[in-house]
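# Architecture and fold: a report
Listed below, chain by chain, are the residues.
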Amino acid sequence: MSLEQIIKACQNGDYSKREQLYRIIASELYAICLKYSQNQENAKDNLHDGFINLFNKIHQYEFKGSFMGWAKRLMINQCLQEYKKTFHLETIKDIHDKEDDEIEINDNLSYEFLLSLIQDLPNQYRHVFNLYVLDGYSHSEISEFLGISEGTSKSNLSRARNILKTKIETYQLELKKKVN
Amino acid sequence: MDRKNIDRIFQEKFKDFYAEPPEGSWEKIEFELNKKEIPAFNNAVFIKNFSFFFASFIFISAIVFIYLNDKENTELIESNVTLESVKHPTIDSTESVESVKLLKDSSHISISKSKNSIVQKSELINKKSNTKNSLVSNSNQSEQQVSIASTIEDSLNYANKSKSGHNNKTIISLLETGFFTSFRSLFNDNSYDSSTLIIDTDVTISENIVEIDEREKLQIEKEDEFSNSSESVSELNRWQLTPTIASVFFNTLGNGSPIDERFINSEKTFSNSVSAGVGLSYRISDKLMVKSGMHIINLSYITHDVIFFPNLNDGGYSTITYEKEQNPIFIDNANSFNHPNDINGFGSNNGNLEQRLNFLEIPMELSYYLLNNNFGFRIVGGFSSFIAVNNSLHITSENFRSPIGIANNINPIHFSTNIGLGVDYQFLKSFRASVEPMFKYQLNTFSNNPGNFRPYFIGIYSGISYQF
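Residues numbered from 1 in each chain as written. Chains lettered and ligands numbered in written order. Predicted model: local features only at pLDDT ≥ 70, side-chain atom pairs only at ≥ 80, totals over all residues. Heavy atoms only, no water.

### Observations regarding the overall build of chain B
Each helix and strand in chain B was counted, giving 8 helices and 18 strands. Considering chain B as a whole, with its 468 residues, one finds that 44% of them fall into the buried category. Accessible surface, chain B as shown: approximately 25,000 Å² in total, 55% of it carbon and sulfur. (Helix = DSSP H or I, 4+ residues; strand = E, 2+ residues; numbered from the N terminus. Buried < 20%, exposed > 50% of the residue type's maximum accessible area, 1.4 Å probe, protein only. Areas by Shrake-Rupley, 256 points an atom, 1.4 Å probe, with all protein chains shown as cover.)

Spelled out as structure tokens, the structure:
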């Protein structure tokens, strides 16, 4: 059975196909949850709630554009729910992006380590970083997503980069000391 | 070590990033989804939903009941005329045929209710002509037998003419939206007779006026006048029945006493009371309403500083018819120096003289509406006839109360001039609440009024009118 047929079956109320659909897309969606959540527990909750939401709204998918893209957006929205509910102070000053934001790295930086760095970021920086760097949204789209100005989006991204850069450099320095 | 852009580092690592969901995730999701499809019985939700639907049911039933009761007086009977035989090429297809009361003889009425057709004034003539032409061509009537009426008055006039011998006359009325209800209630008056009457309702006449025949122009202006007197007039149930209750504040202009001039300057206290009755009103037009009815009203007042004692000489009051079985009691103003001595030694007492008056009021008032929407505001003027029903006189003191007799100087019928205001509120289709503060100045209440007693009262009349 193709993905399209499974989706149609779910839309038509064939609940037995839900698990099949889950098995196909869960890994990719859980990865999104991990990126956007503060920790694994949070990610599990977001995955759970996100799938409930997905199956409740599956009839809204009209087969225009990729289903995975639609599902990812739904999951990102789910992960941002808590953040959207709280009021956020807007930054007054914009920090200029440094175009040359390069660092020296080792190839042995694992994704678990990098994931932990992302999860450790403050919420507003993490979300902007994920949306812009990892999921390819523009600052305009991010500002709509998060209810912030584009300037704030850019500032948050810059701050996120600085933090990540500092942490990576620190980590590598300590690694070097240990080796030596 | 390589130099890389920070973004690039993360992008490369998280490209095609997948993570196996935790064990048991799907089972939890499935459980939650199944729980949603079979909602558990929730007491609070059930009670809340049940209460809402029950209250809605009661409310809707009440509205339907009142609406059906409103319709009862039209006594709808199935008409034996179908509209198939009558074609109206310019009128929208009929939605339904309403049946109305069968009038005298073989008269019958067909009603076609078109769907909110908006007719420009310029098209109105064509519409009427086309209707007439189609009727003539589709029935066995000649042109002379078909008349076009554009207003309720015209329709009724034609109907009246048909009564006087113009049988089988067909009258086509094109009435604006909302006119039908009052037209129907007028038509239920049995003095009107009619042949086939075709009424096209739900027609709204738009503002655009194109050149029209002078005669037709007059006709349309008449319609405007009729419709401009507010659509609400056409929808009015003209009669109103109003059970009324009123707080009454009784007093007199100036001083005086209807009993005797001896009490002119005595202090008097007037009692407040309640009047109850029923009013019947008829709405002449949008602005005017005439009202009558019947109310029972009790008035009383007390004359203070009265002395009294048993005496053969009762004081000689010509205005009092004494109780026959009562021993004479002398009554006088306590401040007077001319009363006889208490030769019997009973001792004089200080007290009050209480007079009670009981009338049946029949008002005749005209109301002029200054504001006439769901809220109505009007000025009221007119007069009332008062029929004397009962009166009494008592001597009262702290621990004593004794009847003396009745006043014999009260006119059996007297009148008042009335003026006041009225505030209405239409809260349901056939029900209107009203409050009327009225000032009623009594005229010729007493035939022999030595003290120039000039009573008046202010009544706050309130009631709920049933319109029909």
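Continuing now.
### Here's the deal with the packing of aromatic side chains
The relative placement of two aromatic rings is captured by the distance of their centres and the angle of their planes. Counted by the stated rule, this structure contains 25 aromatic pairs over all chains. Their ring planes at 90 degrees and their centres at 5.0 Å tell us that Phe14 of chain B and Phe17 of chain B sit as a pair that is edge-to-face. By the burial criterion, Phe14 of chain B is buried, and Phe17 of chain B matches it. Taken together, the ring pairs connect Tyr111 and Phe129 of chain A together with Phe10, Phe14 and Phe17 of chain B into an aromatic cluster. Seen from the ring of Phe63 of chain A, Lys8 of chain A lies directly overhead, with NZ or CZ sitting 5.3 Å from the centre. (Phe/Tyr/Trp six-rings, centres within 6.5 Å; stacked < 30°, edge-to-face > 60°. Lys NZ or Arg CZ within 6 Å of the ring centre and 35° of its normal.)

### Re the interface of chain B and chain A
Listed by partner, the interface residues are 27 residues for chain B and 40 residues for chain A. The interface formed by chain B and chain A contains 1 salt bridge. A salt bridge links Asp7 of chain B to Arg161 of chain A; its shortest N-O distance comes to 2.5 Å. Put simply, chain B and chain A have 5 residue pairs in polar contact (both at pLDDT 80 or more) between them. Per-element accounting of the side of chain B that touches chain A gives the leading share, 9 residues, to helix H2 (residues 25–37) of chain B. When grouped by side-chain class, the residues that make up the side of chain B that touches chain A number 13 nonpolar, 3 polar and 11 charged. For strand S1 (residues 102–105) of chain A and strand S1 (residues 2–5) of chain B, the ladder comprises 4 bridges, and the chain directions are antiparallel. Pairing of Ile103 of chain A across the sheet is with Lys4 of chain B, part of S1 of chain B. (Contact = heavy atoms within 4.5 Å. Salt bridge = Lys/Arg side-chain N within 4 Å of Asp/Glu carboxyl O. Polar contact = N/O pair within 3.5 Å; in protein donor to acceptor, adjacent residues only side chain to side chain. Nonpolar A, V, L, I, M, F, W, Y, C, P; charged D, E, K, R; others polar. Pairing = 2+ DSSP bridges.)

### Let's talk about the pattern of salt bridges
Residue and element names in this part refer to chain A. Within this structure, the stated rule accounts for 17 salt bridges over all chains. Residue Lys8 is joined to Glu4 by a salt bridge in which the shortest nitrogen-to-oxygen separation is 3.4 Å. Of this pair, Lys8 and Glu4 both sit in helix H1 (residues 3–11), 4 residues apart, which is roughly one turn of the helix. Relative accessible area serves as the criterion here: at 39%, Lys8 is assigned to the partly exposed category. The exposure class of Glu4 is partly exposed, given its relative accessible area of 44%. Put simply, Lys17 and Asp14 hold a salt bridge, and the shortest N to O gap is 3.8 Å.

### Some words on empty space enclosed by the protein
All names here are of chain B. What the rule picks out here adds up to 3 cavities of 30 Å³ or more. When its volume is computed, the largest cavity comes out at roughly 80 Å³. Every residue lining the largest cavity is listed: Gln240, Thr242, Ser281, Met289, Lys291, Tyr369, Arg378, Asp424, Arg432, Ser434, Glu436 and Ser465. Of all elements in the fold, only strand S7 (239–252), strand S10 (288–310) and strand S17 (431–443) reach the threshold of two or more residues within the lining of the largest cavity. Top contributing element to the lining of the largest cavity by residue count: S17, with 3 residues. Grouping the amino acids of the lining of the largest cavity by side-chain chemistry returns 2 nonpolar, 5 polar and 5 charged. (1 Å grid on protein atoms, 1.4 Å probe; cavity = no way out; pocket = protein on both sides within 12 Å on 5 of 7 lines; lining within 4 Å. Points joined across faces, edges and corners; volume = space filled by probe spheres on them.)

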